[in-house]
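An overview of the molecular structure
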Amino acid sequence: MIVDYDKCLHCGGCVGSCPQNAIYLNDYILEFNEDCNNCGRCIKLCPVNALSREA
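Quick summary incoming for the structure in this document. (Residues numbered from 1 in each chain as written. Predicted model: local features only at pLDDT ≥ 70, side-chain atom pairs only at ≥ 80, totals over all residues. Heavy atoms only, no water.)

**Thoughts on the pairing of strand 3 (residues 29-32)**
Here four bridges tie strand 2 (residues 23-26) to strand 3, and the two strands are oriented antiparallel to one another. Bridge pairing in strand 3 links Leu25 to Leu30. Between the antiparallel neighbours strand 2 and strand 3 lie two residues, among them Asp27 with a positive phi of about 55°. (Pairing = 2+ DSSP bridges. Helix = DSSP H or I, 4+ residues; strand = E, 2+ residues; numbered from the N terminus.)

So, in structure tokens, the structure goes:
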């Protein structure tokens, strides 16, 4: 996943939306672990479109 930190509000909505528990908010930096399967749920739920898939 790619995070646009200029847009990210650090709201944590994506963290709670992840069915794999693969997203962490660590000192206002989003981290994705190896359990992320690129399902896109976090992308859909981000209120400011700060997340996208890697190309």
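**Notes on the side chain of Ser17**
Position of Ser17 relative to the elements: it lies in helix 1 (residues 13-17). Ser17 gets classed as buried once you look at its relative accessible area, which sits at 8%. Within polar-contact distance, the side chain of Ser17 engages the backbone oxygen of Cys14 at 2.8 Å. (Buried < 20%, exposed > 50% of the residue type's maximum accessible area, 1.4 Å probe, protein only. Polar contact = N/O pair within 3.5 Å; in protein donor to acceptor, adjacent residues only side chain to side chain.)

**Topic: empty space enclosed by the protein**
The rolling of a water-molecule-sized probe over the atoms marks out the regions of remaining empty space. Enumeration according to the criterion identifies one cavity of 30 Å³ or more in this entry. In terms of lining, the largest cavity is formed by 14 residues, of which the most central are Cys18, Ile23, Cys36, Cys39 and Cys42. The residue inventory of the lining of the largest cavity, partitioned by class, reads nine nonpolar, four polar and one charged. (1 Å grid on protein atoms, 1.4 Å probe; cavity = no way out; pocket = protein on both sides within 12 Å on 5 of 7 lines; lining within 4 Å. Points joined across faces, edges and corners; volume = space filled by probe spheres on them. Nonpolar A, V, L, I, M, F, W, Y, C, P; charged D, E, K, R; others polar.)

**Considering the nonpolar core**
Core analysis: the largest hydrophobic core is formed by twelve residues, namely Met1, Val3, Cys8, Cys14, Cys18, Ala22, Ile23, Leu30, Cys42, Cys46, Ala50 and Leu51. Those residues in contact with Leu51 that lie beyond four places of it in its chain are Ile2, Val3, Cys14, Leu30, Phe32, Cys42, Ile43 and Cys46. (Core = buried A, V, L, I, M, F, W, Y, C linked by side-chain atoms within 4.5 Å. Contact = heavy atoms within 4.5 Å.)

**Re the environment of Cys39**
Mapped onto the elements of the fold, Cys39 is located in the loop between strand 3 and helix 2 (41-45). Taking relative accessible area as the criterion, Cys39 reaches 39% and is therefore assigned partly exposed. Taking C-alpha positions, Cys39 is 24 Å from Asp27, a pair spaced twelve residues apart along the chain. For Cys39, the residues in contact, after removing those within four places along its chain, are Pro19 and Arg53.

Note that every value here comes from positions in space, so none of it alone points to a role or purpose.
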